[in-house]
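Understanding the architecture of this molecule
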Amino acid sequence: YTEPCLRFLTRHGSTVRLRSTATRLEVASRRVCGILLNDGTRLTGDYYLSSLPPDALLKLLPEEVVDGSGGFGSLRHFETSPITAIYLWFDRQVTQLKQVALLGRKIQWIFNKASSADSSLGGEDSYVGLVVSASRKLLPLGPSAIVEMALDDLREVLPSVREAAVLGSVVIKEPSATFSCRAGCDEIRPKQKSALENFFISGDWTATGWPPTMEGAVRSGYRCAELILEREGHASSILQPDLPTARLSRWIGRF
Ligand SMILES: Cc1cc2nc3c(=O)[nH]c(=O)nc-3n(C[C@H](O)[C@H](O)[C@H](O)COP(=O)(O)OP(=O)(O)OC[C@H]3O[C@@H](n4cnc5c(N)ncnc54)[C@H](O)[C@@H]3O)c2cc1C
């Protein structure tokens, strides 16, 4: 989706700077007045919108702003949660299902990436992607132990894996994949409208009412756009209505 996104932004008059790192936000009189990049460039604008993770934003803000009364101190309290992805290549098709959610097992998701020879599900060899969220217990393990653990689960749920030869494997551990959505974490998630007049914060970790997902990140961006339009005197409702809460969830939410 990055290419269509780049085309959209360029078509609408935006400049996208790749391989550019923000290193400092300049703040004066409760307003952001400039942003410094790693190549020494200083950018200024009417509004500033951060889409950085909390630890990265923390590094950009002057210490007195973080320690001040604006609520930025909560950025120090975010913890992260790992996600581990395991990719396995087999000498045969191991399932016709495109994706599988597993309950009560170490592997949580199986995505059937189909045959390496044929993108339909009809080729001889095959390739699956497995995902484990909140995979803290896997972080100290080496790739071969993780692959063995994954194969143990797969042999149970996909019997054809028992006969299949593993042609290759890749394990990718993302130790800080998302913020850790623990009970009570909503207390520290900041609103998109910050204490600095012209500075807005988006990101899956901001107060969206959603767990750290792509949907949450997008919703926070829409909310920032609404806030900026409002400042410009063009108030507009962009955020899609939230999904209705199912009766069971409403009931659980009462406790
Ligand atoms: C392995 C994995 C699997 C996932 N699977 C799913 C899934 O199935 N479904 C789902 O909904 N979500 C999934 N997620 C979560 C999803 O990717 C995030 O919720 C989403 O990307 C958060 O978007 P964001 O814009 O808040 O932050 P990010 O996507 O983290 O974007 C932050 C950006 O800031 C940039 N940045 C950091 N510091 C600086 C700096 N100083 N200057 C400039 N740029 C900087 C980073 O390079 C990054 O591009 C997954 C995440 C991982 C890691």
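Residues numbered from 1 in each chain as written. Predicted model: local features only at pLDDT ≥ 70, side-chain atom pairs only at ≥ 80, totals over all residues. Heavy atoms only, no water.

**Here's the deal with the environment of Ser-169**
We apply this condition: A run of H or I in DSSP counts as a helix once it spans at least four residues, and a run of E counts as a strand once it spans at least two, with each numbered from the N terminus. Any pair of residues with heavy atoms lying within 4.5 Å of one another is described as a contacting pair.
Residue position: Ser-169 is located in strand S9 (residues 166-179). Sequence separation between Ser-169 and Phe-90 is 79 residues, and the spatial gap between their C-alpha atoms is 9.2 Å. Once you skip the residues sitting within four places of it in the chain, Ser-169 turns out to touch Tyr-87, Leu-88, Trp-89 and Val-147.

**Considerations on the sheet that holds S9**
For the record, the criterion: Any two strands with at least two DSSP-identified bridges between them are counted as paired. All axes here are fitted lines through C-alpha atoms, helices being fitted over the stretch that makes contact, and every angle between N-to-C directions spans 0 to 180 degrees.
Across the sheet, which stays open at both edges, the five strands sit in the order S6-S7-S8-S5-S9 with antiparallel pairing between neighbours. Both edges of this open sheet fall to strand S6 (99-101) and S9, since each of them pairs with a single strand only. Neighbour to neighbour, the strand axes of the sheet diverge by 15 degrees on average, direction disregarded. Pairing analysis gives ten bridges linking strand S5 (residues 80-90) to S9, with the strands arranged antiparallel. Within S9, the position partnered with Phe-90 by the bridge is Val-166.

**Details of the domain arrangement of the chain**
Definition in use: Either an automatic procedure or a domain database provided the assignment from which the domain bounds are taken.
Looking at the assigned domains, one finds that the chain contains domain 1 (17-77 + 183-240) and domain 2 (80-179). One C-alpha centre belongs to domain 1, the other to domain 2, and the line joining them spans 36 Å.

**Notes on the packing of aromatic side chains**
The following threshold applies: Ring pairs shown here join Phe, Tyr and Trp side chains whose ring centres sit within 6.5 Å, with only the six-membered ring taken for Trp; geometry is labelled stacked below 30 degrees between planes, edge-to-face above 60, and tilted in between. Buried residues are those whose accessible area, probed at 1.4 Å on protein chains only, stays under 20% of the maximum for their type, while exposed residues exceed 50% and partly exposed ones sit between those limits.
One pass over the full model with this rule turns up seven aromatic pairs. An angle of 80 degrees between the planes, with centres 5.7 Å apart, marks the rings of Phe-78 and Phe-179 as edge-to-face. Separated by 101 residues along the polypeptide, Phe-78 in the loop between helix H3 (63-67) and S5 and Phe-179 in strand S9 bring together distant segments of the chain. For Phe-78, a relative accessible area of 14% puts it in the buried group. Judged by its relative accessible area of 5%, Phe-179 falls in the buried class.

**Examining the nonpolar core**
Put simply, the rule is: What makes a nonpolar core is a set of buried Ala, Val, Leu, Ile, Met, Phe, Trp, Tyr and Cys residues whose side-chain atoms join them at distances within 4.5 Å.
Among the nonpolar cores identified, the biggest contains 21 residues, and Ile-86, Leu-88, Phe-90, Ile-107, Ile-110, Leu-130 and Leu-154 are the most heavily contacted of them. Sorting elements by how many residues they give to this core places helix H4 (residues 143-157) first, with six residues. Other than its neighbours up to four places away in sequence, Phe-90 contacts Asp-125, Ser-126, Val-128, Leu-151, Leu-154, Val-161, Ala-164, Ala-165, Val-166 and Leu-167.

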